[in-house]
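Letter by letter, the chains look like this.
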Amino acid sequence: MTDGETQLIEAARQRLGPKAVVTDPREIEPWTTDWRGRVHGAAPAMLSPASTDEVVEIVRLAAELRVPLVPQGGNTGMAAGATPPADGSAILLSMRRMNRIRSLSAENRVAVAEAGVVLATLHDAAHEIGMRFPLTLGARGSCTIGGLTSTNAGGTQVLKFGTMRSLVAGVEAVLSDGSVHSGLSGLKKDNRGYSIDQLLIGAEGTLGVITAVALRLVPAVAARAVAWAAVESPERALDLLRFLEARTSAIEGFELVPEDSLALVLKHVPNTRAPLTGEHRWHILVESATADAQHDIGAELERLLGLALQQGIIGDAALASNEAQAEAFWKLRDSISEAERAEGQTLAHDISVPVADMPRFIVDASAEVERRFPGVIASGFGHLGDGNIHFHVRAGSHAAADWYSQEGEAITRFVDDLVTAAGGSISAEHGVGQLKRAEFARLAPPGRIHALRAIKQALDPLGIMNPGKLVP
Ligand SMILES: Cc1cc2nc3c(=O)[nH]c(=O)nc-3n(C[C@H](O)[C@H](O)[C@H](O)COP(=O)(O)OP(=O)(O)OC[C@H]3O[C@@H](n4cnc5c(N)ncnc54)[C@H](O)[C@@H]3O)c2cc1C
């Protein structure tokens, strides 16, 4: 432990009380490894402020003593952005005690939630006043508003509502000198120059500590319809999306599932069954929703899928007849990564390319990867309508036990090169963190890197805000 860390821990204990300072390694340890269990860090202490004022105290001390801080929410991030360095040279700043919903207004359609509020808690609170926060994802039971904002998270409803960037109305954050940026007024219009809020969204804790966020709400869902459809190719899948979007504004979710991913789920995940009979190469999970109780959303989706069938866009379809069946359809989609893990080693890439190019990209890139690395199986699934898929490469059945460590880097570089050549992004949703920093540095245009470094230097000249993350 450095002298600065010892002094910071002692001063924090005196000023914030013992509750805010954890030094027992057994309590810290679960928070020093990333969610995927790939990156292991260490920290001599975990500070847990309960208010914005306490965050200010900590950041001022950290700046004075030159001790880096690693902000952390639910630690569910996919890029190891919340994992401290392995040499123990930074202090963890857990935001989970800042878990108050400060206000919730159906009239303003805004909720102000502290950074440590868990997403599912916000969903429940909004529901109680007849409203909804329309972003959801698999980690909703543990990820926090601060983490979601800091990674500009997406999820399954981006098609209609956008990522966190479109859902955040303002941010309150403590900057690296201890000053507070207060952007919580929720103004719809505010053109006073650079948007500090937007800079902090997706900054992964490298520019400041987010303490609270104003979030846009929409009316609660009165009814939803979920269907499973079979298509011949990713091109036809995109045709289906455009066909539906031209006839209704209710489509919220549109997920592509290749046949072999579905087969793995059926093989490894208990209590799952195929929604359709027969052989199909590609599948689509589609969800539409309405806030209008008079809108027969199920009948509408059924009619539109019937038309799509007549026009040869889809080969077959099944509409979930109740909520249990709707959940069963979603379980098939949500279990793909779990099924792949049960099958063997998998390399995951969260990538995007322009939406119209995605169908061809999936087919061509899979073929190129399989040709270049014989024996592997490549496929893409997920948020086709956002031009964002999870491009996964699985080790073949004869792969060595150390396939991941031996081949992983070369395969990832190959995939990232294909994505970059297609004008895409090597991180669509998950951020850069530690895991994608080297690839980001290798492939990002020089102008982008220059701007990132200049912003970081301007807002965090001492380099105490989550160093070693995002900025190459
Ligand atoms: C099962 C599962 C499914 C997922 N599905 C999706 C998905 O569909 N779409 C998607 O986009 N993501 C998905 N994710 C990842 C998603 O990015 C995280 O769940 C979430 O955004 C991070 O929230 P967190 O509170 O866990 O943040 P953490 O993991 O704790 O932190 C993430 C980053 O934010 C920073 N940070 C955290 N809190 C603050 C704060 N208050 N101030 C400043 N910086 C902060 C950290 O330093 C780190 O860089 C999924 C994750 C899991 C485990």
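Residues numbered from 1 in each chain as written. Predicted model: local features only at pLDDT ≥ 70, side-chain atom pairs only at ≥ 80, totals over all residues. Heavy atoms only, no water.

**Concerning the packing of aromatic side chains**
Across all of its chains, the model carries three aromatic pairs by this definition. Its end group placed over the ring of tryptophan 31, arginine 96 keeps NZ or CZ at 3.3 Å from the ring centre. Of note, arginine 372 hangs over the ring of phenylalanine 373, and the distance from its end group to the ring centre comes to 4.5 Å. (Phe/Tyr/Trp six-rings, centres within 6.5 Å; stacked < 30°, edge-to-face > 60°. Lys NZ or Arg CZ within 6 Å of the ring centre and 35° of its normal.)

**A short note on the sheet that holds strand β15 (residues 316-319)**
Ordered in space as β13-β14-β12-β15, the four strands form an open sheet in which the pairing is antiparallel. In the strand order of this sheet, the two ends are held by β13 (251-258) and β15, each with one partner. Pairs of neighbouring strands in the sheet enclose a mean axial angle of 15°, with direction left out of account. Along the sheet, helix α12 (residues 323-334) makes contact with β12 (223-231), β13, β14 (282-290) and β15, crossing β12 at roughly 50°. (Pairing = 2+ DSSP bridges. Helix = DSSP H or I, 4+ residues; strand = E, 2+ residues; numbered from the N terminus. Axes fitted to C-alpha atoms, helices over the stretch in contact; angles between N-to-C directions. Contact = heavy atoms within 4.5 Å.)

**What to know about the packing of helix α10 (residues 259-268) against helix α13 (residues 336-343)**
Following both chains from N to C, one finds α10 and α13 inclined at 70°, their axes separated by 8 Å at the closest point. Comparing the axis directions of α10 and α13 gives the class roughly perpendicular. Contacts between α10 and α13 involve Ser261, Leu264, Val265, Lys267 and His268 from the first element and Ile336, Ala339, Glu340, Ala342 and Glu343 from the second. Class assignment of the residues belonging to the contact of α10 with α13 gives a composition of five nonpolar, two polar and three charged. (Parallel < 35°, antiparallel > 145°, perpendicular 65-115°, else oblique. Nonpolar A, V, L, I, M, F, W, Y, C, P; charged D, E, K, R; others polar.)

**Let's talk about the site of the ligand**
If you check the shell around the ligand, you find 34 residues, and the closest are Pro71, Gly73, Gly74, Thr76 and Thr144. One of the backbone N or O atoms of asparagine 75 is found 2.9 Å from an oxygen atom in the ligand. A distance of 2.8 Å is found between an oxygen atom of the ligand and a backbone nitrogen or oxygen belonging to glycine 154. Protein chains shield 93% of the accessible area of the ligand, which is 980 Å² for the free molecule. Where the shell around the ligand is concerned, the elements lending two or more residues are β3 (69-72), α5 (145-150) and β10 (208-216). When residues of the shell around the ligand are assigned to their parent elements, the largest contribution, four residues, is made by α5. (Near = heavy atom within 4 Å. Polar contact = N/O pair within 3.5 Å; in protein donor to acceptor, adjacent residues only side chain to side chain. Areas by Shrake-Rupley, 256 points an atom, 1.4 Å probe, with all protein chains shown as cover.)

**A few points about the pairing of β14**
Most of β14 is tucked away, with nine of its nine residues classed as buried. Burial of the side chains of β14 extends over both faces: Trp282, Ile284, Val286, Ser288 and Thr290 are buried on one face and His283, Leu285, Glu287 and Ala289 on the other. Taken together, the nine bridges between β12 and β14 define a ladder with antiparallel strand orientation. If you follow valine 226 over to β14, its bridge partner there is glutamate 287. When β13 meets β14, the two strands line up antiparallel, connected through seven bridges. Looking at β14, one finds that isoleucine 251 is bridged to serine 288. (Buried < 20%, exposed > 50% of the residue type's maximum accessible area, 1.4 Å probe, protein only.)

**What to know about the environment of glutamate 235**
Checked against the element boundaries, glutamate 235 lands in helix α9 (residues 234-245). Sequence-wise, glutamate 235 and glutamate 370 are 135 residues apart; in three dimensions their C-alpha atoms are separated by 20 Å. In contact with glutamate 235, other than residues within four places in its own chain, are Pro359 and Arg360.

**So, the side chain of glutamate 340**
Relative to the elements of secondary structure, glutamate 340 occurs in helix α13. For the buried glutamate 340, no salt bridge is present, and the opposite-charge side chain at shortest range is arginine 394, 4.2 Å distant. Sequence-distant contacts of glutamate 340, defined by excluding residues within four places in its chain, comprise Leu264, Thr346, Phe381, His392 and Arg394. (Lys, Arg positive; Asp, Glu negative; His and termini not counted. Salt bridge = Lys/Arg side-chain N within 4 Å of Asp/Glu carboxyl O.)

**Structural notes on the nonpolar core**
Counting 47 residues, the largest nonpolar core has Leu240, Leu244, Ile284, Phe361, Val369, Phe391 and Val393 as the members making the most contacts within it. The dominant element in this core, judged by the number of residues it contributes, is α9, at six residues. One finds Ala126, Ala153, Ile210 and Leu215 within the second-largest nonpolar core, a separate group that totals 30 residues. (Core = buried A, V, L, I, M, F, W, Y, C linked by side-chain atoms within 4.5 Å.)

**What to know about unusual backbone geometry**
You will see that alanine 80, though not glycine, has its phi angle at about 60°, which is positive. Along the chain, alanine 80 falls in the loop between β3 and β4 (91-94). A positive phi angle, near 55°, is found at glutamate 204, a position not held by glycine. Within the secondary structure, glutamate 204 is located in the loop between α8 (196-200) and β10. Judged by relative accessible area, which is 10%, glutamate 204 ranks as buried.

**Observations concerning the packing of α9 against helix α11 (residues 297-310)**
Two elements in contact, α9 and α11, have axes separated by 11 Å at closest approach and are oriented at 130°. Classified by the angle between their axes, α9 and α11 sit oblique to one another. Classified by chirality, the crossing of α11 by α9 is right-handed. Every residue of α11 that contacts α9 at Leu240, Phe243 and Leu244 is listed here: Leu301, Leu304, Leu305, Leu307 and Ala308. Grouping the constituent residues of the contact of α9 with α11 by class yields eight nonpolar, no polar and no charged. (Left-handed = near helix turned anticlockwise from the far one by under 90°.)

**Looking at the sheet that holds β10**
If you walk across this open sheet you meet the five strands as β5-β6-β10-β8-β9, and the pairing is antiparallel. Each of the sheet's edge strands pairs with one partner strand only, and the pair in question is β5 (101-105) and β9 (180-182). Taking the axes of each pair of neighbouring strands and ignoring which way they run, one obtains an average angle of 15° across the sheet. Note: strand β6 (residues 110-114) against β10, five bridges, orientation antiparallel. Bridge pairing in β10 links alanine 111 to leucine 215. Contacts from helix α3 (residues 52-65) reach β5, β8 (168-175), β9 and β10, with the element oriented near 40° to β8. Across the sheet, helix α4 (residues 119-128) touches β5, β6 and β10, and the angle it forms with β5 is around 35°.

Without other data, these values stay purely geometric and don't point to any function.
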